[in-house]
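Listed below, chain by chain, are the residues.
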Amino acid sequence: MTTMLSSDLPLPKIGRGKVRDIYAVDDDRLLLLTTDRISAFDVVMGETIPMKGAVLTQISAFWFNELEGVVPHHMISADTDEIIAAVPALKPHRAEILGRAMLSRRTTVFPIECVIRGYLSGSAWKEYAASGTLAGEKLMAGLVESEKLEPAIFSPATKAETGHDENITIARMREVVGDETAYTLESMTRAIYTLGEELAREQGIIIADTKFEFGRDKDGRIILIDEVMTPDSSRFWAVDAYKPGQPQASFDKQPLRDYLDVERRAGRWNGDAPPPPPLPASVVEATSKRYLEAYRRVTGKELKI
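For clarity, every value in this text was computed on a predicted model and none was experimentally measured.

Procedures and definitions
Residues numbered from 1 in each chain as written. Predicted model: local features only at pLDDT ≥ 70, side-chain atom pairs only at ≥ 80, totals over all residues. Heavy atoms only, no water. Helix = DSSP H or I, 4+ residues; strand = E, 2+ residues; numbered from the N terminus. Rg over C-alpha atoms; globule rule 2.2 N^0.38 Å. Buried < 20%, exposed > 50% of the residue type's maximum accessible area, 1.4 Å probe, protein only. Contact = heavy atoms within 4.5 Å. Areas by Shrake-Rupley, 256 points an atom, 1.4 Å probe, with all protein chains shown as cover. Lys, Arg positive; Asp, Glu negative; His and termini not counted. Charge placed at Lys NZ, Arg CZ, Asp CG, Glu CD. Polar contact = N/O pair within 3.5 Å; in protein donor to acceptor, adjacent residues only side chain to side chain. Pairing = 2+ DSSP bridges. Axes fitted to C-alpha atoms, helices over the stretch in contact; angles between N-to-C directions.

Chemist: Explain the overall build of the protein chain residue by residue, including any values.
Modeler: Of regular secondary structure, the protein chain possesses eight helices and 17 strands. Whereas a compact globule of 305 residues would reach a radius of gyration of roughly 19 Å, the protein chain reaches 19 Å, a difference of no more than 12%. Overall size of the protein chain, expressed as C-alpha extent along the three principal axes, is 60 × 50 × 35 Å. Across the 305 residues of the protein chain, 51% fall into the buried class. The contacts of the protein chain with a sequence gap of at least 6 include a subset with a gap of at least 24, amounting to 66%. Just so you have it, the protein chain exposes about 14200 Å², and 50% of that area is on carbon and sulfur atoms. A gap of 3 Å separates the mean positions of the 38 positive and 46 negative side-chain charges of the protein chain.

Printed below as a string of structure tokens:
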């Protein structure tokens, strides 16, 4: 399978994120194309990670299928031949889009990242350690790093085009989207995470935290969109290695982060601005294997496309 840094399909390109290219199919449908780009510390690397785009698309497709009847979602199909049948202009580009494309319903996207934290880690731990709060709201005293939070904490954030998203209070979220919508978004977030965390744990993965996006479709329904419980949108830990009271090894970009940390400490990269240092082939290979292993662990199957 060829790797992809960027795409050029015969459809109007209407968006480009760190990893995804978004194309308009018609007034009702989008094509989400997940490239093999990878970012760390908010900088996109110059190299691609083989199979990463297919892993992210197909893990999301797995979860969308599991969520049928739980919450409505935007996926029409992530099967390449079904997509080509629906959008014949893509037929000459089958090899490029194989496994990495998702045909989706168009929505009006809410400007909120719906973050849910089942464990105290990352930026949430840093804030708690400094002030005993999360997004300015007090948490129970005496928690340790990576401790399980019961119940999980809903922690919305504003969506940032570049740089880090910013945690906001639920009160602020209500001001942005309204009380009823805020309640619906939180309820849907909790339902999705509860199912996902339980199923992933059976496969040996802890989903420590994750983030979801939602939009309103043409019929006025609030539906789940974008990616779902992937290694890029979530913090994955191995169940058998979990030890509260310390940081946990992440299941996705750890080889990449470790390498970049060495480069930063050696003064070869300032750590927050392009161009990033070139990645050795060994780091690229190790990172690719991590993504493929995440797919296998989450779905219980090898990735076949």
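Chemist: Would you mind going over the environment of Ala152 in detail, with residue names and values included?
Modeler: Among the secondary structure elements, Ala152 is positioned in strand E12 (residues 148-154). Taking the relative accessible area as the measure of exposure, Ala152 reaches 15% and is therefore buried. In contact with Ala152, not counting residues within four places along its chain, are Ile116, Arg117, Gly118, Arg190 and Tyr193.

Chemist: So what about the side chain of Ser234? Which residues, and what values?
Modeler: Structurally, Ser234 is set in strand E17 (residues 234-238). Judged by relative accessible area, Ser234 falls into the buried class, the value being 9%. A polar side-chain atom of Ser234 sits 2.9 Å from the main-chain carbonyl oxygen of Thr230. A distance of 3.4 Å separates the side chain of Ser234 from the side chain of Ser233, its partner in a polar contact. The contacts of Ser234, once residues within four sequence positions are left out, are Ile207, Asp209, Thr210 and Met229.

Chemist: Give a detailed account of the sheet that holds strand E6 (residues 75-77), specifying residues and quantitative values.
Modeler: Sheet strands pair via backbone hydrogen bonds, and the direction of the pair is either parallel or antiparallel. Within the open sheet, the five strands sit side by side as E1-E2-E3-E7-E6. Their pairing is antiparallel. The open sheet terminates on both sides in strands that have one partner only, identified here as strand E1 (13-16) and E6. Neighbouring strand axes in the sheet, compared pairwise and without regard to direction, differ in orientation by 30° on average. Strand direction decides the pairing type here: E1 and strand E2 (residues 20-24), joined by three bridges, are antiparallel.

Chemist: For the side chain of Thr189, give the residues involved together with the corresponding values.
Modeler: Positionally, Thr189 belongs in helix H6 (residues 179-202). Contact partners of Thr189, with chain neighbours within four places excluded, come to Cys114, Ile116, Phe154, Phe212 and Phe214.

Chemist: Just give me the short version of the pairing of strand E7 (residues 101-105), but keep the residues and values in it.
Modeler: Counting buried residues along E7, four of its five residues qualify, which places the element largely inside the surrounding structure. Summarising the sheet, strand E3 (residues 29-34) and E7 pair through five bridges and their orientation is antiparallel. Paired with Leu32 across the strands is Met102, a residue of E7. Bridging between E6 and E7 involves two bridges; their strand directions are antiparallel. Bridge pairing in E7 links Ser77 to Leu103.

Chemist: Before we move on, can you summarise unusual backbone geometry with the specific residues and values?
Modeler: The omega angle of the peptide bond from Glu150 to Pro151 is -5°, so this bond is cis rather than trans. Look at the link from Pro274 to Pro275: it is a cis peptide, with omega at 0°. With respect to the element layout, Pro275 can be found in the loop between helix H7 (254-265) and helix H8 (281-299). Although it is not a glycine, Met51 adopts a positive phi angle of roughly 75°. Inspection of the secondary structure assignment puts Met51 in the loop between strand E5 (43-44) and helix H1 (52-66). In this structure, Met229 is a non-glycine residue whose phi angle is positive, near 45°. By secondary structure assignment, the location of Met229 is in the loop between strand E16 (222-225) and E17. Of the residues examined, Met229 reaches a relative accessible area of 0% and is grouped as buried.

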